[in-house]
Amino acid sequence: MLKSMTGFGRCEIVNEQQKITVEMKAVNHRYCDINIKMPKKLSIFEAAIRNLLKKYIQRGKVDVFITYEDYTENNMVLRYNEELAAEYLRVIRKMSEQFGIENDVRTSSLSRYPDVLTLEEQSVDADELWSVLEEALTKACEQFVETRLAEGENLKIDLVSKLDAMLLNVDYIEKRSPEILAEHRQRLEAKVKELLGDSTIDESRIITETTIFADKICVDEEIVRLRSHITSTRTALIEGGSIGRKLDFIAQEMNREANTILSKANDLEVANRAINLKTEIEKVREQIQNIE
């Protein structure tokens, strides 16, 4: 199925130990650019997170926001640095003796000295934490892909309608081309008769001039290639997948053919149709930029 590059996904998992929230959103980008914002505590999982995300994302600028709250009551522990406290006391006693001043250090004051007492966070089970995080990421990605698919379906409908409009212009140009040639021959014969009067018209000369004109305005090859490009685009839209870059290249080729038709146009209506064709192709190119 066809995917848009814009999308949004969110999942929140809450249990007795923690709450993990994952939000992700994406916009257009030529490549796959994933930016992750998460607490430092989860940074050990960054490589695993990126590997998981790449299973769901091929193109687009994706911002992923992960928040983590720990509900565990005993996740903090108080540490007592006995050796450091003894060193503090030794130095303080030495100072008291050296300067002849009272040693008034009490336990409560000693406990406030730097690093005597420290509050440390207990380590968590990495496998258990990753299990919850992986579930949240997976569900957010699944929702993210769903929104991309829904938008992709809308893009497909719009693009198919634009391809149909392009075909109408191509059909008209193809039908009009032989008529232009016939009209040119008629004008040429009329002009020659006007100049020569009753004299016999050199039919071979008329044929030669008509052939030269036909070569100048012939767009048969451009028409064939345009039809082929339109068919290829339609087929790719139906098949889906990561086709954005492929369609962008085809659209460039279609624009090149339309430019050639316009440059060869020797008829006002054909020129207008070629301009309409270029307009529709440009609209298609703009929409293709939204496809993964």
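Residues numbered from 1 in each chain as written. Predicted model: local features only at pLDDT ≥ 70, side-chain atom pairs only at ≥ 80, totals over all residues. Heavy atoms only, no water.

### Description of a nonpolar patch on the surface
- Together, L78, Y80, L117 and L119 give the surface a local cluster of nonpolar side chains, amounting to about 450 Å² of exposed area.
- At the level of secondary structure, the elements contributing two or more residues to the nonpolar patch comprise β5 (76-80) and β6 (117-121).
- One can find L119 in strand β6.
- Residue L119 is classed as exposed on the basis of its relative accessible area, which comes to 58%. (Patch = residues over 30% accessible without salt bridge, like charges linked within 9 Å, V, L, I, M, F, W, Y side chains within 5 Å. Areas by Shrake-Rupley, 256 points an atom, 1.4 Å probe, with all protein chains shown as cover. Salt bridge = Lys/Arg side-chain N within 4 Å of Asp/Glu carboxyl O. Helix = DSSP H or I, 4+ residues; strand = E, 2+ residues; numbered from the N terminus. Buried < 20%, exposed > 50% of the residue type's maximum accessible area, 1.4 Å probe, protein only.)

### Observations concerning the pattern of salt bridges
- In total, this model carries 21 salt bridges according to the counting rule given.
- Between K162 and D158 there is a salt bridge, with its nearest N and O atoms 2.8 Å apart. Placement of both K162 and D158 in helix α4 (residues 126-196) is noted, with a separation of four residues, approximately one turn of the helix.
- The partner of E269 in a salt bridge is R273, and the shortest N-O contact between them spans 3.2 Å. Of this pair, E269 and R273 both sit in helix α8 (residues 268-288), four residues apart, which is roughly one turn of that helix.
- What makes R273 partly exposed here is its relative accessible area of 22%.

### A closer look at helix α7 (residues 244-264)
- Here α7 is 21 residues long and its end C-alpha atoms lie 31 Å apart, about the 30 Å a rise of 1.5 Å per residue gives.
- Those residues of α7 that fall on the buried side of the exposure criterion are G244, L247, D248, I250, A251, E253, M254, N255, E257, A258 and I261. (Expected span 1.5 Å × (residues − 1).)

### A few points about unusual backbone geometry
- Of note, the phi angle at D115 is positive, near 70°, even though the residue is not glycine.
- With respect to the secondary-structure elements, D115 resides in the loop between α3 (107-110) and β6.

### Quick look at the environment of R234
- Inspection of the secondary structure assignment puts R234 in helix α6 (residues 220-239).
- The spacing of R234 and D164 is 70 residues in sequence and 9.7 Å in space, taken between C-alpha atoms.
- R234 has contacts with V160, L163, D164 and L167, leaving out every residue within four places of it along the chain. (Contact = heavy atoms within 4.5 Å.)

### Notes on the packing of aromatic side chains
- Scanning the model with the defined rule gives two aromatic pairs in all.
- For R273, the ring lying beneath its charged end belongs to Y172, and the centroid distance is 4.1 Å. (Phe/Tyr/Trp six-rings, centres within 6.5 Å; stacked < 30°, edge-to-face > 60°. Lys NZ or Arg CZ within 6 Å of the ring centre and 35° of its normal.)

### Considering the side chain of E280
- With respect to the helices and strands, the residue E280 is situated in helix α8.
- Beyond its immediate stretch of four places on either side in the chain, E280 contacts K162, A165 and M166.

### With respect to the pairing of strand β2 (residues 18-27)
- Counting buried positions along β2 gives seven out of ten residues, so the element sits mostly inside the fold.
- Judged from the eight bridges that link them, strand β1 (residues 7-14) and β2 form a sheet pairing that is antiparallel. Looking at β2, one finds that G7 is bridged to A26.
- Linkage of β1 to β2, two consecutive antiparallel strands, is achieved through a turn of three residues.
- Taken together, the ten bridges between β2 and strand β4 (residues 60-70) define a ladder with antiparallel strand orientation. Of the residues in β4, the one forming a bridge with E23 is F65. (Pairing = 2+ DSSP bridges.)

### Description of the sheet that holds β4
- With respect to topology, four strands assemble into an open sheet ordered β1-β2-β4-β3, the strand pairing being mixed. On the outer flanks of this sheet lie β1 and β3 (32-37), each paired with one strand and no other. On average, each strand axis in the sheet is tilted by 10° relative to the strand beside it, whichever way the strands run.
- Helix α1 (residues 46-53) contacts β2, β3 and β4 of the sheet and is inclined by roughly 140° relative to β3. (Axes fitted to C-alpha atoms, helices over the stretch in contact; angles between N-to-C directions.)

### A few points about helix α2 (residues 82-99)
- Taking 1.5 Å as the rise per residue, α2 with 18 residues should run 26 Å; its terminal C-alpha atoms sit 26 Å apart, in good agreement.
- Buried within α2 we find A85, I92 and S96. Viewed end-on, α2 has its buried residues packed into an arc of 40°, placing them on one side of the element. More than 90 degrees from the buried face of α2, the exposed residues found are E83, K94, E97 and Q98. (Arc of directions from axis to C-beta.)

### A closer look at the confidence of the model for the chain
- Scored by pLDDT, the chain has a mean of 85; 84% of the residues are at 70 or more.
- At the low end of the mean pLDDT range in the chain sits helix α5 (residues 203-217), at 61; at the high end sits β1, at 96. (pLDDT = per-residue confidence, 0-100.)

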